[in-house]
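The chain contents come next:
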Amino acid sequence: PGRLDDPGRPTIRVGYTEVRVTPEVKRLAVSVTPAASEYRPGETARVRVRVADASGAPRRAEVTLWAVDEGVLALTGYKTPDPIDLLYRERGLGMRLSSNMANVAPQIPEGEKGRRSPGGGGGADRSEVLRSRFQTTAFFLGSVVTGADGQVVATAKLPDNLTTFRVMAVAVTAGDRYGKGESPMLVTRPLVARPALPRFVRAGDDFTAGTVVNQRAGGTPRVTVTASGSGVALRGDARRTATLASGTGVEVRFPFRALPADSASFTFRAVAGSDADGVRLSVPVRPAFHPEYLTVSGTVRDTATVTVAIPDGLDLERSRVDVTLGSSPLAMLRGMYDRYHVYPYLCTEQVTSLGMPLIALWRARTIDSALARRDPRRDLERAVEIIASRQRTDGGIGYWSATDWTSPWLSAYAGRFLLEAKRAGIAVSDTVLTRLGDYLAADLRAASDSVPLIPVASWYADRRVRLADRIAAVDFLSRARRADVAAEHQLLAGAPQLRWEDRLLLAEALARRGEMRDALALVAPAWAEVRLEGNRAVLPPRATDEDFYFASRSRPMARLLTATLAVNPTHPLVGPMVETLVQQGRGAGWWWNTQDVGAVAEALAVFDARQRRAAALGVTVRAGGAGGRVLFAVRGPGARAASTDSGVPLAGLVRGPSDARELRLSVTADGGATGDVAYYYATVREVPAERPVRPTDQGIQVERWYERYDTGAPVTSVKEGDLVRVRLRVTVPVERHFVVLDDALPAGLEAVDLSLRTTAALPGPGAGVAGSEEEGASDDEANVARWWYGSWDSGWWSPWDHREMRDDRVVWAATMLWPGTYTATYVARATTPGTFVRPPAWAEEMYNPAVSGRSDGGRFVVLERRAGARE
């Protein structure tokens, strides 16, 4: 080699050769054999598992055994995982110390090995059989241990599905031997009735649905089918008779109309001679409009009057008011949970924000039983699982997935939730937290003017946004007990350059390490800017930075409250700040977003933990004045006395002319003379009297139309089985951020997922339609930005960087839309004959929901395709 530029530098020479080692000596032979050739639904299945090593000798092993519907597995081409392939697959040069066995064979407690809770359902060969418990996964036994002879018989109760399940097993021994096995398991009956229903319905839908009947014994027997239901009206005879063709089944249909309800239940019973089958299935009744809510919250020391303006055109019998009450501000968080736990667009920010009230409620469950109406643990565990699954290879948390964009601010925000969840007793992976901390620490070490790879470069045109990333990073590391003291001091030195609320977050980090003097110096100027109006605190206009990409009008006040509690919890502004946060929703033109929810929930939880009083006031809510009907009540720490999960109808509660109607509630705190404070959170759920059919434009214009898949001709009526292309056009006059487009399907259509093996041959957006407008932006300015944001869908660039296909809707989200027109499209199949409600498509800015728009609505018809009819 040539002369070294540094003769004193160590020299390393590397060489390698390939040595192939077969892992077959470690492979186990795993045999899976159901004890019977077929089972009836609801029976207890017995599955024999045999494990032997490569030489054929039996081995003691731990086996994960599960069974899944073969039809569902076929959609994605799922294969039983092979541990040998996973552990010994070819890797490149380098060294990696890790194990993926947790993914291959999840474990369960020792006491559960080889057992499965029987559950409900039934399926003996009796005429009164009624199948109603349907599960895609028949059972999952995380740990079944074989004996020294390598054999074990596992038992599990089957669901009511009539199908072929694939029984799969993955085995491991103490000597690092691995294997897999699988076997089909048939679950059936002599006479089979399979429901043929839409996945959901809407009130006002007229449709035909029924059951497909098969006789396994063959022949052409006569079969009698009876139908009944709840939440639907049967529009004709409840009994029909048909003759089964030899070797084939027959579909017996009944006409129904969907009624206003939460769900619709269908029951079909089929009888042919001595054979019978019955099936009961429920489907949700979806609204024909985009749900809207009014929320009002506040405090009461004696008696308070709550007035809510009620828009004209509501169905007062179906519209509801619900009120949560308590002597703790956590009562307000319960109301938030009830309102927001079903928020439909769950990006990482929203999962995090909606997890904040859950943590507070989970911690409060042993303090106040009125706060624990719904156990939030399962939702908390799900939120932790979602966020952890979105961790990228660099340790950051992606916005929609592990391959999506992130920023230090977003990742630190999600990390704060993970830390709080762990402290509340929810299982959170230490590896996830460590990698997240490493990502944020690396960002702090990067040059201060470096910008993360994010979708919209203009977010960082203001240097304070980059500083917000760094503040969020030091805050997370401080909470995780990995404080970067040097970075904290560097940011403290540049405090005048920080956003108003970021100075407060830095103060909390400093207070955590006991640097109270510096923390106080950051908070004191904020106190001096607060103005008192009655018993509320008002911030200066510059405190609210609505240009931040995750905007929130509540977050600055929440930051000030938590910082104040950190440096001076007895400060006289604490009460007014809490009052302001609790009453945020009372101002005109206010719309909560998830950042507001997360910020308020976190601040009130901190306040409650520090300031909780022993008093437990009784609170009563009456309609109208003090002598009105009692609607809701809570007595001390007990549960509410007059509330239901669905709330109270507005009928009879609303007063005033049609153009100035209002709901007036009287809230009384028993024992209020002691000076203690009670809290309330009222939610009005609006249901329009008439289905919305006219488009609206409140900053976003939405259009939608349907085309025949083969010709591109506009249609409002197709035959069952036909494919339809749904097209949407969104026009925005100015720049919009975080826009969601939500298209609710008519119940007779099902969106086609082009990623599935059964549909992957269909062409992508716009293909095959001459002159069609492809999915994407129509203006040059937007197209220039395609490398900064958006996604690729079947070879076409799209401004929509996330899409979800659900049973009842298709949802898109765009991080940014420049002024112009944008399109979206998907394919749907007509599945159920009938005349269906066609709800408007809806669009909104997620962090400014007042900016919204909808398309027109109406009806969509699916015609019955009769056998043998000429097309």
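Residues numbered from 1 in each chain as written. Predicted model: local features only at pLDDT ≥ 70, side-chain atom pairs only at ≥ 80, totals over all residues. Heavy atoms only, no water.

Participant: What should I look at first to understand the overall build of the chain in this one?
Facilitator: Within the chain, the secondary structure is distributed over 16 helices and 43 strands. Within the chain, buried positions represent 53% of all 871 residues. Considering only contacts in the chain between residues 6 or more positions apart, those separated by 24 or more positions represent 73%. Entry remark: accessible area of the chain is about 38,300 Å², with carbon and sulfur atoms responsible for 51%. (Helix = DSSP H or I, 4+ residues; strand = E, 2+ residues; numbered from the N terminus. Buried < 20%, exposed > 50% of the residue type's maximum accessible area, 1.4 Å probe, protein only. Contact = heavy atoms within 4.5 Å. Areas by Shrake-Rupley, 256 points an atom, 1.4 Å probe, with all protein chains shown as cover.)

Participant: Teacher, can you tell me more about the pattern of salt bridges here?
Facilitator: Opposite charge on two side chains permits them to pair, given that their charged atoms come into close proximity. Applying the stated criterion across every chain yields a total of 52 salt bridges. The partner of Arg166 in a salt bridge is Glu70, with the nearest N and O atoms 2.7 Å apart. In this pair, Arg166 is assigned in strand 7 (residues 163–172) and Glu70 in helix 1 (residues 70–76), connecting sequence segments 96 residues apart. Note that Arg199 is salt-bridged to Asp807, the shortest N-O span being 2.8 Å. In this pair, Arg199 sits in the loop between strand 9 (191–196) and strand 10 (201–202) while Asp807 sits in the loop between strand 37 (802–805) and strand 38 (809–817), placing the two residues 608 residues apart along the sequence. Within the structure, one salt-bridge network assembled from shared partners comprises Arg416, Asp475, Arg479, Glu508, Arg512 and Glu602. (Salt bridge = Lys/Arg side-chain N within 4 Å of Asp/Glu carboxyl O.)

Participant: Help me understand the environment of Asp315, please; the structure alone is not making it clear to me.
Facilitator: By the element assignment, Asp315 lies in the loop between strand 19 (303–309) and strand 20 (320–326). Sequence separation between Asp315 and Glu690 is 375 residues; the distance between their C-alpha atoms is 7.9 Å. Contact partners of Asp315, with chain neighbours within four places excluded, come to Val687, Pro688 and Ala689.

Participant: It is not clear to me how the sheet that holds strand 29 (residues 696–698) should be interpreted in this structure. Could you clarify?
Facilitator: Neighbouring strands of a sheet are bound in pairs by backbone hydrogen bonds; such pairs are parallel or else antiparallel. Within the open sheet, the 6 strands sit side by side as 29-42-41-33-38-37. Their pairing is antiparallel. Every other strand in the sheet has two partners, leaving strand 29 and strand 37 as the edge strands with one partner each. Put simply, the sheet's adjacent strands are angled 20 degrees from each other on average, direction ignored. Where strand 33 (residues 736–744) meets strand 41 (residues 842–845), 4 bridges bridge the pair, whose relative direction is antiparallel. In the strand pairing of strand 41, Asp742 is matched with Trp842. (Pairing = 2+ DSSP bridges. Axes fitted to C-alpha atoms, helices over the stretch in contact; angles between N-to-C directions.)

Participant: Quick question: what am I supposed to make of helix 13 (residues 555–567) here?
Facilitator: Working note: α-helix, 3.6 residues per turn, so residues spaced by three or four point in the same direction. An ideal rise of 1.5 Å per residue puts 18 Å on 13 residues; helix 13 measures up with 18 Å between its terminal C-alpha atoms. Among the 13 residues that make up helix 13, 12 are buried, leaving the element largely enclosed by the rest of the structure. Burial in helix 13 covers these residues: Arg555, Pro556, Met557, Ala558, Arg559, Leu560, Leu561, Thr562, Ala563, Thr564, Leu565 and Val567. (Expected span 1.5 Å × (residues − 1).)

Participant: Can you help me understand unusual backbone geometry in this one?
Facilitator: Most of the time, phi is negative for any residue but glycine, and the peptide bond is trans. With a phi close to 60 degrees, Arg481 is a non-glycine residue in the positive phi region. Here Arg481 lies in the loop between helix 9 (463–479) and helix 10 (485–493). For Arg481, a relative accessible area of 78% puts it in the exposed group. For Phe738, which is not a glycine, the phi torsion comes out positive at approximately 50 degrees.

Participant: Which parts of the structure should I look at to understand the packing of helix 10 against helix 11 (residues 500–512)?
Facilitator: Two measures define how a pair of helices packs: the angle their axes make with one another and the distance between the axes. Relative to each other, helix 10 and helix 11 sit at 140 degrees, their axes nearing to 11 Å. Between helix 10 and helix 11, the crossing angle belongs to the class labelled oblique. Here helix 10 and helix 11 pass one another in a crossing that is left-handed. Of the residues in helix 11, those in contact with Glu488, Leu491 and Leu492 of helix 10 are Leu506, Ala509 and Leu510. (Parallel < 35°, antiparallel > 145°, perpendicular 65-115°, else oblique. Left-handed = near helix turned anticlockwise from the far one by under 90°.)

Participant: Where do I start with the confidence of the model for the chain in this structure?
Facilitator: Caution is warranted with low-pLDDT regions, since their predicted coordinates should not be read in detail. Put simply, the chain has an average pLDDT of 83, and 83% of its residues get 70 or more. Residue range residues 95–127 is modelled with pLDDT below 50. Its contacts to residues more than four positions away, or to other chains, number 58 contacts. In the predicted structure, residues 637–644 sits below a pLDDT of 50 and forms 28 contacts with residues beyond four places in sequence or in another chain. (pLDDT = per-residue confidence, 0-100.)

Participant: How do you make sense of the packing of aromatic side chains when you look at a structure like this?
Facilitator: Between two aromatic rings, the relevant description is the distance of the centres plus the angle of the planes. Counted under the stated rule, the structure contains 25 aromatic pairs. By the ring-pair criterion, three or more aromatic residues cluster together here, those being Tyr399, Trp400, Trp405, Trp409, Tyr413, Trp459, Phe548, Tyr549, Phe550, Phe738 and Tyr847. The lysine or arginine in question, Arg499, covers the ring of Phe548, its NZ or CZ lying 4.2 Å from the ring centre. (Phe/Tyr/Trp six-rings, centres within 6.5 Å; stacked < 30°, edge-to-face > 60°. Lys NZ or Arg CZ within 6 Å of the ring centre and 35° of its normal.)

Participant: Which parts of the structure should I look at to understand the nonpolar core?
Facilitator: Note on soluble globular proteins: their nonpolar side chains tend to be buried together. Formed by 168 residues in total, the largest nonpolar core has its most connected members in Tyr399, Phe417, Phe550, Leu560 and Trp800. In terms of nonpolar packing, the next biggest core, distinct from the first, is built from 29 residues, Ala304, Val619, Ala623 and Leu663 among them. (Core = buried A, V, L, I, M, F, W, Y, C linked by side-chain atoms within 4.5 Å.)

Participant: How do you make sense of the side chain of Asp69 when you look at a structure like this?
Facilitator: With respect to the element layout, Asp69 can be found in strand 4 (residues 62–69). The side chain of Asp69 is buried and forms no salt bridge, while Arg194, the nearest opposite charge, is found at 8.6 Å. When neighbours within four sequence positions are excluded, Asp69 is seen to be in contact with Thr136, Asn161, Thr163, Thr164 and Phe165. (Lys, Arg positive; Asp, Glu negative; His and termini not counted.)

Participant: Looking at this structure, I do not really get the sheet that holds strand 12 (residues 222–230). What am I missing?
Facilitator: One open sheet holds the 5 strands; their spatial order is 10-17-16-12-14, and the pairing between them is mixed. Each edge of the sheet is formed by a strand with only one pairing partner; in this case those strands are strand 10 and strand 14 (239–243). Both strand 10 and strand 17 (residues 275–286) contribute to a ladder of 2 bridges, which runs parallel. Bridge pairing in strand 17 links Arg202 to Arg286.

Participant: Just to check I follow, could you spell out the environment of Ala824 for this structure?
Facilitator: Within the secondary structure, Ala824 is located in strand 39 (residues 820–830). The exposure class of Ala824 is buried, given its relative accessible area of 2%. When the C-alpha atoms of Ala824 and Val726 are compared, they prove to be 8.4 Å apart, with 98 residues separating the residues in sequence.

Participant: What exactly am I supposed to notice about the pairing of strand 28 (residues 678–686) here?
Facilitator: In summary, the side chains of a regular strand alternate between the two faces of the sheet. Counted residue by residue, strand 28 has 8 buried out of 9 residues, so it is predominantly covered. Sheet analysis places strand 18 (residues 292–300) next to strand 28, joined by 9 bridges and oriented antiparallel. In the sheet register, Glu292 faces strand 28, and the bridge partner there is Glu686.

Participant: Please explain the packing of helix 6 (residues 377–389) against helix 7 (residues 408–423) as it appears in this structure.
Facilitator: It is at 11 Å that the axes of helix 6 and helix 7 come closest, and there the two elements cross at 135 degrees. By the criterion of interaxial angle, the relationship of helix 6 to helix 7 is oblique. For helix 6 against helix 7, the interelement crossing comes out left-handed. Residues Leu380, Ala383, Val384 and Ile387 of helix 6 form the contact with helix 7, whose participating residues are Ala414, Phe417, Leu418 and Ala421. When grouped by side-chain class, the residues that make up the contact of helix 6 with helix 7 number 8 nonpolar, no polar and no charged. (Nonpolar A, V, L, I, M, F, W, Y, C, P; charged D, E, K, R; others polar.)

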